[in-house]
Amino acid sequence: MKRIAARRWFKLSSLLVWLRAALARLGFGWEHNLKLADAYRLGSTKVRVPLDGQPIEISLGFNDKRLHLYPETRLNENGELVRLNSFIIVDPSAHRRRINGFLRLSPKSWLSLGSGDEVQQALFDYPAAVDEQHLVVIYGRDALIFRNLSDLGTSIGPAPAKEVWSRESKFRRLREIFGGPIELLPRDDALRLIEAVNDVLRREVYRATDDRGLPGGLLVLPQALTPILVADMHAQIDNLLTVLSQNAFLDALDEGTAALVILGDAVHSEVDGQLREMDSSMLLMDLIFKLKLCFPAQVFYIRGNHDSFSEDMSKDGIPQGLLWAKELSERRGAAYLKAMEEFYRRLPYVVASRDFVACHAAAPTTKVSKEMLVNIHRHPSLILELINNRLRRPSRPQGYGRSDVKHFRRALQLDKGTPFIVGHTPIDRQDTLWLNVDGIANHHVLFSANLDQVGVFTRVDDLMIPLVYPVDALIPLINRLEVEPG
């Protein structure tokens, strides 16, 4: 009986080995729970690592490419790091003073790491040894699950604790640019500031002159400047401060290698209960004006529909355009109101480079050309389309669609796959950017006023990529900084 039982156990064990191998060949490895204490070479089985917040080093191939996976954090108003429920994957070899990017892993989602993804190739510069699909990372209910797909293999192990390089130097630089705490400027200072900005706009660079001898409506960025695009900030000052203090954006502005482009609508809060509040709009414009004076050839503002005092500019029945004019006149005087009107008149409406084209709202549905954009003051209907129109819908047949995006690119002599980026129409209230909207390839929508996260487009390795950052509570942190002795 013992020999019979032994033979049965041997057959069962053999069957289990065969089944395990067969499942592995089909891509269904058994899961193995692992508490990372040292480097571990992945085989054909899935490996589960508990969600304990431990940083993880991922080594693709035989240490051909190292990546680090960290819990994502944000700064609260006390300067404390608050852990979020997402992870980010970064290249630890990326130069900190060069604009780069990262991948985010959110709950109940997964990432396939490999050289077949052009965004990952731009971000991580994978060597030839990394397969097109090398490793899958799954964010499970209580663990991160790693599944190797490559014959060259993958190792995982503990990563060094994330080097928390201080962003304090960037906060100090922002405070220096603003000239002190981030707070509303005195009336006379604000007037001098906007008048100086308008003087810059009278001869703004990278804009062909129109038939009046003034900078026209088309801004063409040189390839030497890496674009940093945000849109529709809608009075969320911390959102802009977060962008500027992340990545190497501020470093690149200081080095003269990047351009910040705001796609209109910096004013008028869209937060429920704050539609009438205009102080934050004033303060955000003060900050933008300070940035423009500091970087006159690198900070640009594209006009949006909210950049107006029109009585038609309203939200939920609140006449924000009229309230904006009234608040500026009462708080900062008639001369300041007139200067803001001049600022709006002098703004461009379209920005383009070899890598992208962007405007506030929409691709024109009517004839458009470079000459028309330069002399846009002669085409008021074109202005209205660029700042007011939206995607075509059954209830909005006058909206724009796929063919209009195609014609717009062609009018600007851009490749058919050139990214076209607009703001104006957030698709929902949860996110901050949306890709390939309405099934139109490389047609993206950006809305940078989300209270929790702020979206930005930039260029990495000749590819326009979207990045999303948790919004940090930065105004109180920056304002608490002590002035360093000169």
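Quick caveat, the model's predicted, so the values are computed rather than measured.

About the cut-offs
- Every chain is numbered on its own, with residues counted from 1 as its sequence reads.
- At least 70 in pLDDT is required for a residue's local features to be given in this predicted model, at least 80 for side-chain atom pairs to be given and counted, and no such filter applies to totals for whole chains, interfaces and linings, which use all residues.
- The basis for every side-chain value is the complete set of non-hydrogen atoms in the structure, without hydrogens or water.
- Secondary structure elements follow DSSP: runs of H or I of four or more residues count as helices, runs of E of two or more count as strands, with numbering from the N terminus.
- The contact criterion used is simple: two residues touch if any of their non-hydrogen atoms lie within 4.5 Å.
- All accessibility values rest on the Shrake-Rupley procedure with a 1.4 Å probe; residue burial counts only the protein chains present in the view.
- Neither His nor the chain termini are counted; the positive set is Lys and Arg, and the negative set is Asp and Glu.
- Lys charges are placed at NZ, Arg charges at CZ, Asp charges at CG and Glu charges at CD.
- Note on geometry: axes are lines fitted to C-alpha atoms, helical ones only across the stretch in contact, with angles between N-to-C directions running from 0 to 180 degrees.
- Roughly parallel means an angle under 35 degrees; roughly antiparallel, over 145; roughly perpendicular, 65 to 115; everything else is oblique.
- Should the near helix be turned counterclockwise from the far one by less than a right angle, the crossing is left-handed, whereas a clockwise turn marks it as right-handed.
- Note on residue categories: nonpolar means Ala, Val, Leu, Ile, Met, Phe, Trp, Tyr, Cys or Pro, charged means Asp, Glu, Lys or Arg, and polar means any other residue, Gly included.
- Accessibility here uses a 1.4 Å probe with only protein chains present; expressed as a share of the type maximum, an area under 20% marks a residue as buried, one over 50% as exposed, and anything in between as partly exposed.
- For salt bridges, the criterion is a side-chain nitrogen of Lys or Arg within 4 Å of an Asp or Glu carboxyl oxygen.
- Pairs of N or O atoms within 3.5 Å make up the polar contacts considered here, provided that, within protein, one atom can donate a hydrogen while the other can accept it, and that residues adjacent in sequence are counted only when both atoms are side-chain atoms.
- Centres within 6.5 Å are what make two rings of Phe, Tyr or Trp a pair, Trp counting through its six-membered ring; a difference in plane orientation under 30 degrees is then read as stacked, over 60 as edge-to-face, and the rest as tilted.
- Here, a charge over a ring is recorded when the distance from Lys NZ or Arg CZ to the ring centre is within 6 Å and its angle to the ring normal is within 35 degrees.
- Per-residue confidence from the predictor is reported as pLDDT, which spans 0 to 100.
- Two strands pair under a simple rule: DSSP has to find at least two bridges between them.

## Here's the deal with the overall build of the chain
(1) Moving on: Helix and strand counts for the chain stand at 13 helices and 23 strands.
(2) Moving on: Projected onto its principal axes, the C-alpha positions of the chain cover 105 × 55 × 45 Å.
(3) Moving on: Within the chain, residue pairs in contact and separated by at least 24 positions form 66% of the contacts whose partners lie at least 6 positions apart.
(4) Moving on: Working note: accessible area of the chain is about 22700 Å², and carbon and sulfur atoms make up 52% of it.
(5) Moving on: The average position of the 61 basic charges and that of the 60 acidic charges among the side chains of the chain differ by 7 Å.

## Some thoughts on the packing of helix α4 (residues 187-201) against helix α9 (residues 334-345)
(1) Moving on: The N-to-C vectors of α4 and α9 enclose an angle of 25 degrees; their axes lie 10 Å apart at closest approach. Considering the angle they form, α4 stands roughly parallel to α9. As α4 packs across α9, the resulting crossing turns out to be left-handed. Of α9, the residues touching α4 (which contributes Ala190, Leu191, Ile194, Val197, Asn198 and Leu201) are Ala335, Tyr336, Ala339, Met340, Glu342 and Phe343.
(2) Moving on: For the contact of α4 with α9, the residue count by class is ten nonpolar, one polar and one charged.

## Quick look at the environment of Ala122
(1) Moving on: Mapped onto the secondary structure, Ala122 falls in helix α2 (residues 118-124).
(2) Moving on: Residue Ala122 is classed as buried on the basis of its relative accessible area of 10%.
(3) Moving on: With 338 residues separating them in the primary sequence, Ala122 and Val460 have C-alpha atoms 6.1 Å apart.
(4) Moving on: Not counting the four nearest positions on each side in its chain, Ala122 is found in contact with Val460, Asp461 and Leu463.

## Brief notes about the pattern of salt bridges
Note that side chains of opposite charge can pair when their charged atoms are close.
(1) Moving on: Within the structure shown, the criterion is met by 28 salt bridges.
(2) Moving on: Arg66 is the partner of Glu57 in a salt bridge, and the nearest nitrogen-oxygen pair spans 2.9 Å.
(3) Moving on: Between Glu371 and Arg378 there is a salt bridge, and its shortest N-O distance comes to 3.0 Å.
(4) Moving on: For Glu371, a relative accessible area of 40% gives the class partly exposed.
(5) Moving on: Connected via shared salt-bridge partners are Asp199, Arg202, Arg203, Glu342 and Arg346.

## Details of the packing of helix α5 (residues 237-245) against helix α7 (residues 279-294)
(1) Moving on: Between α5 and α7, whose axes approach to 9 Å, the crossing angle comes to 30 degrees. With respect to each other, α5 and α7 are oriented roughly parallel. Contacts between α5 and α7 pair Ile237, Leu240, Leu241 and Leu244 from the former with Ser280, Leu283, Leu284, Leu287, Ile288 and Leu291 from the latter.
(2) Moving on: Across the contact of α5 with α7, the residue classes tally to nine nonpolar, one polar and no charged.

## Details of the side chain of Arg303
(1) Moving on: Its location among the elements puts Arg303 in the loop between β16 (299-301) and α8 (320-332).
(2) Moving on: Buried and unpaired, Arg303 has Asp307 as its nearest opposite-charge partner, separated by 5.6 Å.
(3) Moving on: At 3.0 Å, the side chain of Arg303 and the backbone oxygen of Asp307 are in polar contact.
(4) Moving on: Within the structure, the side chain of Arg303 is placed 3.3 Å from the side chain of Tyr349, a separation counted as a polar contact.
(5) Moving on: Aside from chain neighbours lying at most four places away, what touches Arg303 is Gly264, Ser308, Tyr344, Arg345, Leu347, Pro348, Tyr349, His360 and Ile387.

## Digging into the packing of aromatic side chains
(1) Moving on: Summed over the entire model, instances satisfying the criterion amount to eleven aromatic pairs.
(2) Moving on: Note on Phe124 and Tyr126: the rings are 5.8 Å apart at their centroids and 70 degrees apart in plane angle, and the pair reads as edge-to-face.
(3) Moving on: For Phe124, a relative accessible area of 0% gives the class buried.
(4) Moving on: For the cation-ring pair, Lys290 lies above Phe178, with the distance from its terminal atom to the ring centre recorded as 5.9 Å.
(5) Moving on: Above the plane of the ring of Tyr336 lies Arg332, whose end atom (NZ or CZ) is 5.2 Å from the centre.

## Remarks on unusual backbone geometry
(1) Moving on: Even without glycine at this site, His424 takes up a positive phi of about 75 degrees.
(2) Moving on: As for its placement among the helices and strands, His424 is situated in the loop between β19 (420-422) and β20 (433-434).
(3) Moving on: Residue Asp462 is not a glycine yet carries a positive backbone phi of 65 degrees.
(4) Moving on: Along the chain, Asp462 turns up in the loop between β22 (453-460) and β23 (463-470).

## Some remarks on the confidence of the model for the chain
(1) Moving on: Across the chain, the average pLDDT comes to 92, with 91% of residues at 70 or higher.
(2) Moving on: Between residues 23-29, whose pLDDT stays under 50, and residues either more than four places distant or in other chains, the model counts ten contacts.

## With respect to the sheet that holds strand β5 (residues 65-75)
(1) Moving on: Strands sit in the order β2-β11-β4-β5-β6-β7 across an open sheet of six strands; the sheet is antiparallel. Unpaired on one side and paired on the other, β2 (40-41) and β7 (103-105) mark the two borders of the sheet.
(2) Moving on: Across five bridges, the pairing between strand β4 (residues 56-60) and strand β11 (residues 154-158) is antiparallel. Across the sheet, the residue bridging to Ile58 is Ile156, located in β11.

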